[in-house]
Amino acid sequence: MAPIDHVYRAIDSLPVTAHPMTQFATGVMALQVQSEFQKAYDKRIPKSKFWEPTCEDSLNLIALVPIVASYVYRRIYKGGDIIPADDSLDYGENFYYMFGLDSPKMQELMRLYVTIHRLVFYIQVHSSY
């Protein structure tokens, strides 16, 4: 995955008072510039192969959503102090960690939330075969 500094700039172009979902949606939309599907589409791949870059974009989005979400949260509620991802943590722990929360119950809730969403994605991908 490419660095997402352009995503931060897109979010930062909005007032801090903008609704959190507006900021989050702006960040997610800004990720389009690194879309594998767009690159493949521009190369005119056959429609039968569209699923491959689409799946790659989906996986990249899943990986980047916690970074974008925590950026928006920390920008609005914590004065913009950003906590970078920690590669030694798993996906769920990192999601929790980047928000800067300190409740063990909230940590478990975040891990459960992330696990459920990954499971739903897995089922959707594999039920299409």
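Please refer to the structure higher up on the page.
The following paragraphs examine the structure supplied in this document. None of the values given here were measured: they were computed from a predicted structure.

What follows concerns the nonpolar core. Counting 17 residues, the largest nonpolar core has I4, V7, I11, L31, V68 and F95 as its most contacted members. Those elements that provide at least two residues to this core are α1 (5-12), α2 (20-30), α4 (51-77), α5 (91-99) and α6 (104-126). Among the elements that line this core, the one with the most residues is α4, at 5 residues. For F95, the residues in contact, after removing those within four places along its chain, are P66, A69, M110, Y113 and V114.

Interhelical geometry of α1 versus α4 gives an angle of 35° and a closest axis separation of 11 Å. In the packing of α1 onto α4, the handedness of the crossing is right-handed. Residues V7, Y8, I11 and D12 of α1 touch α4, and the partners they reach there are I67, V68, Y71, V72 and R75. Per-class residue counts for the contact of α1 with α4 are 7 nonpolar, no polar and 2 charged.

So, about the pattern of salt bridges. In the structure shown here, the tally under the stated rule is 3 salt bridges. The salt bridge partner of R75 is D12, with a shortest N-O separation of 3.0 Å. One end of the pair, R75, is in helix α4; the other, D12, is in helix α1, and 63 residues separate them in sequence. For R75, a relative accessible area of 10% puts it in the buried group. Residue class for D12 comes out partly exposed when judged on its relative accessible area of 38%. Residue E52 is joined to K49 by a salt bridge in which the shortest nitrogen-to-oxygen separation is 3.8 Å.

Parameters and conventions
Residues numbered from 1 in each chain as written. Predicted model: local features only at pLDDT ≥ 70, side-chain atom pairs only at ≥ 80, totals over all residues. Heavy atoms only, no water. Core = buried A, V, L, I, M, F, W, Y, C linked by side-chain atoms within 4.5 Å. Buried < 20%, exposed > 50% of the residue type's maximum accessible area, 1.4 Å probe, protein only. Helix = DSSP H or I, 4+ residues; strand = E, 2+ residues; numbered from the N terminus. Contact = heavy atoms within 4.5 Å. Axes fitted to C-alpha atoms, helices over the stretch in contact; angles between N-to-C directions. Left-handed = near helix turned anticlockwise from the far one by under 90°. Nonpolar A, V, L, I, M, F, W, Y, C, P; charged D, E, K, R; others polar. Salt bridge = Lys/Arg side-chain N within 4 Å of Asp/Glu carboxyl O.

Keep in mind these values describe shape, not function.
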